[in-house]
Amino acid sequence: MTPTEPATVRPPLPVKMVISGGFGVGKTTTVGSISEIEPLTTEAAITEVAAGVDDLTHTPRKTTTTVAMDFGCLTIDPTLKLYLFGTPGQQRFGFMWDDIVEGAVGGLVIVDTRRLDDCYAAVDYFEHKGIPFAVAANAFDGKVEHTLEEIRWALDVGDGVPVVAFDARERGSVRDALLVVLELALARTQE
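Since we're looking at a predicted model, the values are computed, not measured.

Draft legend 1. Representation of the overall build of the protein chain. A tally of regular secondary structure across the protein chain gives six helices and eight strands. Beginning at the N terminus, the succession of helices and strands in the protein chain can be written as β-α-β-α-β-β-β-α-β-α-β-α-β-α. The 191 residues of the protein chain split such that 46% are buried. A sequence separation of at least 24 residues applies to 73% of the contacts in the protein chain between residues at least 6 apart. Carbon together with sulfur atoms contributes 55% to the accessible area of the protein chain, which is approximately 10300 Å² in total.

Draft legend 2. Spotlight on the packing of aromatic side chains. As enumerated under the stated definition, the model contains five aromatic pairs in all. Aromatic side chains Phe-126 and Phe-133 sit 5.8 Å apart centroid to centroid with 40° between the ring planes, which places their arrangement in the tilted category. Under the relative-accessibility criterion, Phe-133 is labelled buried at 5%. By way of ring pairs, the aromatic residues Trp-97, Tyr-125, Phe-126 and Phe-133 are connected into one cluster. Cation over ring: Lys-16 sits above Phe-85, and NZ or CZ is 4.6 Å from the ring centre. One residue, Arg-114, lies across the ring of Phe-140, its end atom 4.5 Å from the ring centre.

Draft legend 3. Representation of the environment of Ala-187 within the structure. Looking at the secondary structure, you find Ala-187 in helix 6 (residues 171–189). Between the alpha carbons of Ala-187 and Pro-132 there is a distance of 9.8 Å; along the sequence they are 55 residues apart.

Draft legend 4. Structural context of the pattern of salt bridges. Under the criterion given, the structure shown has eight salt bridges. Among the ionic pairs, Asp-112 bridges to Arg-115, the shortest N-O distance being 3.0 Å. You'll find Asp-112 and Arg-115 in the same group, each marked buried. Three or more residues joined by partner-sharing salt bridges are found here, namely Asp-112, Arg-114, Arg-115 and Asp-118.

Draft legend 5. Fine view of helix 1 (residues 27–34). Within helix 1, the full set of buried residues consists of Lys-27, Thr-30, Val-31, Ser-33 and Ile-34. Looking straight down helix 1, one finds that the buried residues subtend no more than 170° of arc, so they occupy a single side. Summarising the contacts, the buried residues of helix 1 are in contact with strand 1 (13–21), strand 4 (70–77), strand 5 (80–86), strand 6 (106–111), strand 8 (163–166) and helix 6.

Draft legend 6. Here's a closer look at helix 4 (residues 120–129). For helix 4, the full list of buried residues reads Ala-122, Val-123, Tyr-125 and Phe-126. Angular distribution of buried residues about the axis of helix 4 spans 160°; they occupy a single face of the element. Looking at the packing, one finds that the buried side of helix 4 touches strand 1, helix 3 (97–101), strand 6, strand 7 (133–138) and helix 5 (148–155). A positive phi of about 75° marks Gly-130, the residue just after helix 4.

Draft legend 7. Expanded view of the side chain of Lys-27. Along the chain, the position of Lys-27 falls in helix 1. We note that Lys-27 is buried and unpaired, the nearest opposite charge coming from Asp-70 at a distance of 6.8 Å. Within the structure, Lys-27 has its side chain in polar contact with the backbone oxygen of Gly-22 (distance 2.5 Å).

Draft legend 8. View of the nonpolar core. Counting residues in hydrophobic clusters, the biggest one holds 22 residues, and the most contacted among them are Met-17, Ile-19, Leu-82, Leu-84, Leu-108, Phe-166 and Leu-178. Of all elements in the fold, only strand 1, helix 1, strand 5, strand 6, strand 7, strand 8 and helix 6 reach the threshold of two or more residues within this core. Looking at which element gives the most residues to this core, the answer is helix 6, with five residues. Ignoring sequence-local partners within four residues, the contact set of Met-17 consists of Leu-82, Tyr-83, Leu-84, Phe-85, Gly-106, Leu-178, Val-181 and Leu-182.

Draft legend 9. Expanded view of the sheet that holds strand 7. The strand order across the open sheet built from six strands is 4-5-1-6-7-8, with neighbouring strands paired in mixed fashion. The open sheet has two free edges, formed respectively by strand 4 and strand 8, since each of these has just one partner strand. Averaged over all neighbouring strand pairs, the angle between strand axes comes to 25°, with direction disregarded. Across five bridges, strand 6 lies against strand 7 in parallel orientation. In the sheet register, Ile-110 faces strand 7, and the bridge partner there is Ala-136. Packed on one face of the sheet, helix 5 meets strand 6, strand 7 and strand 8 and runs near 125° to strand 8.

Rules used in this analysis
Residues numbered from 1 in each chain as written. Predicted model: local features only at pLDDT ≥ 70, side-chain atom pairs only at ≥ 80, totals over all residues. Heavy atoms only, no water. Helix = DSSP H or I, 4+ residues; strand = E, 2+ residues; numbered from the N terminus. Buried < 20%, exposed > 50% of the residue type's maximum accessible area, 1.4 Å probe, protein only. Contact = heavy atoms within 4.5 Å. Areas by Shrake-Rupley, 256 points an atom, 1.4 Å probe, with all protein chains shown as cover. Phe/Tyr/Trp six-rings, centres within 6.5 Å; stacked < 30°, edge-to-face > 60°. Lys NZ or Arg CZ within 6 Å of the ring centre and 35° of its normal. Salt bridge = Lys/Arg side-chain N within 4 Å of Asp/Glu carboxyl O. Arc of directions from axis to C-beta. Lys, Arg positive; Asp, Glu negative; His and termini not counted. Polar contact = N/O pair within 3.5 Å; in protein donor to acceptor, adjacent residues only side chain to side chain. Core = buried A, V, L, I, M, F, W, Y, C linked by side-chain atoms within 4.5 Å. Pairing = 2+ DSSP bridges. Axes fitted to C-alpha atoms, helices over the stretch in contact; angles between N-to-C directions.

Right under this line is the structure:
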């Protein structure tokens, strides 16, 4: 290259990652706290009908819910950009998951340890699809109700599935959880 030729700048490699889990576990918060753009959300008001279907016991201040997906992005470095897609948490919107996860390198299954049974469907989904994923226990009220080993046992996930604690409201904590998934996905490509 001569001094008069412009350097070729390649755009970062786009990498799709899915943020998943049950109703009210912090998926929208996770995408919103890390995205470098204003996240796209499909939040709708929780109606009386939905309140009868969705358990609001542990999320009494929750007034909206994701009805399609969340979207955000994060540039990891000049060579890599994560595109984050958050799934809806209610089973009645589960039919969208196949389209949302298409092409994803990995997933982050968010867990509210006060109600672990709400995340079985997400864990089962990623296991069935063979998509690498990590489990992230969201620290509601600044704490996680169970140890990571207790969570691993309760969810019956193998040692190859990382289980981490994080806070969906804290950018650095979300970044660290996403990097666990990215490392897992990269290790899968090198097998």
